[in-house]
Amino acid sequence: MWRILLESIKRGVVAPADPAGSEIPPARFRGLVMLNPDLCDHSGDCVRVCPTNAITLDDDLEERRTRWEVDHAACIFCGLCEEACPRGAIALNNKFKLAVKAKDDLRVSVAFPLPEEKRGDRG
């Protein structure tokens, strides 16, 4: 055992930094949560089904904008939000390298206009 430890110290690398084949995730891998705001219907189904409350959807009536946010630090990549979205606005891609220096960098936010029915424009 000591021989292995000494050899590892001499070489400076115990294990490869990126194992071979890790660039391609397995089929049906669920990674980074993405939103297509053009398809979002503001139903909030994604927020309701999220078991960790990683997704928020806030309407700002004064600015007539919606802010959708996902916290990848809280997300467990279960895919329930993707399944619950009636228009297919949410998709989990296969990006798996999510290392960041600050936890707040794992928050992804998208702001887009409110739909007409929520704006309160009548007339």
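As a starting point, this report considers the structure included with it. Treat the numbers as computed from the prediction; the structure is a model and nothing was measured. (Residues numbered from 1 in each chain as written. Predicted model: local features only at pLDDT ≥ 70, side-chain atom pairs only at ≥ 80, totals over all residues. Heavy atoms only, no water.)

Further remarks concern the sheet that holds strand β2 (residues 55-60). Ordered by their spatial adjacency, 3 strands build an open sheet running β2-β3-β5, and the pairing between neighbours is antiparallel. If you trace the sheet from one side to the other, it starts and ends with β2 and β5 (107-113), each paired once. Averaged over all adjacent pairs, the angle separating strand axes in this sheet is 15°, with direction ignored. Summarising the sheet, β2 and strand β3 (residues 65-71) pair through 6 bridges and their orientation is antiparallel. Paired with Asp-58 across the strands is Arg-67, a residue of β3. (Pairing = 2+ DSSP bridges. Helix = DSSP H or I, 4+ residues; strand = E, 2+ residues; numbered from the N terminus. Axes fitted to C-alpha atoms, helices over the stretch in contact; angles between N-to-C directions.)

There is a patch of nonpolar side chains on the surface, built from Trp-2, Leu-5, Leu-6 and Ile-9 and spanning about 480 Å² of accessible area. Relative to the elements of secondary structure, Ile-9 occurs in helix α1 (residues 2-11). (Patch = residues over 30% accessible without salt bridge, like charges linked within 9 Å, V, L, I, M, F, W, Y side chains within 5 Å. Areas by Shrake-Rupley, 256 points an atom, 1.4 Å probe, with all protein chains shown as cover. Salt bridge = Lys/Arg side-chain N within 4 Å of Asp/Glu carboxyl O.)

Quick look at unusual backbone geometry now. For His-42, which is not a glycine, the phi torsion comes out positive at approximately 60°. Within the fold, His-42 resides in the loop between β1 (33-35) and α2 (45-49). Given the relative accessible area of 7%, His-42 is considered buried. Of note, Arg-64 is a non-glycine position whose phi angle comes to about 55°, a positive value. If you trace the backbone, Arg-64 turns up in the loop between β2 and β3. Classification of Arg-64 by relative accessible area gives partly exposed; the value is 36%. (Buried < 20%, exposed > 50% of the residue type's maximum accessible area, 1.4 Å probe, protein only.)

So, about the packing of aromatic side chains. The relative placement of two aromatic rings is captured by the distance of their centres and the angle of their planes. Scanning the model with the defined rule gives 1 aromatic pair in all. Residues Phe-29 and Phe-96 carry aromatic rings whose centres are separated by 6.0 Å and whose planes lie at 80° to one another, so their mutual orientation is edge-to-face. One end of the pair, Phe-29, is in the loop between α1 and β1; the other, Phe-96, is in the loop between β4 (90-92) and β5, and 67 residues separate them in sequence. Taking the relative accessible area as the measure of exposure, Phe-29 reaches 31% and is therefore partly exposed. With a relative accessible area of 32%, Phe-96 lands in the partly exposed category. (Phe/Tyr/Trp six-rings, centres within 6.5 Å; stacked < 30°, edge-to-face > 60°.)

Taking burial as the measure, the 7 residues of β3 include 5 buried ones, the bulk of the element. Direction of pairing for β3 relative to β5: antiparallel, over a ladder of 7 bridges. By the bridge assignment for β5, Val-70 is matched with Val-108.

Of all hydrophobic cores here, the largest spans 17 residues; its most connected members are Val-33, Leu-35, Ile-55, Trp-68, Cys-81 and Ile-90. Elements with a minimum of two residues in this core: β1, β3, β4 and β5. Discounting residues that sit within four places of it in the chain, Leu-35 has contacts with Cys-40, Trp-68, Ala-89, Ile-90, Val-110 and Phe-112. (Core = buried A, V, L, I, M, F, W, Y, C linked by side-chain atoms within 4.5 Å. Contact = heavy atoms within 4.5 Å.)

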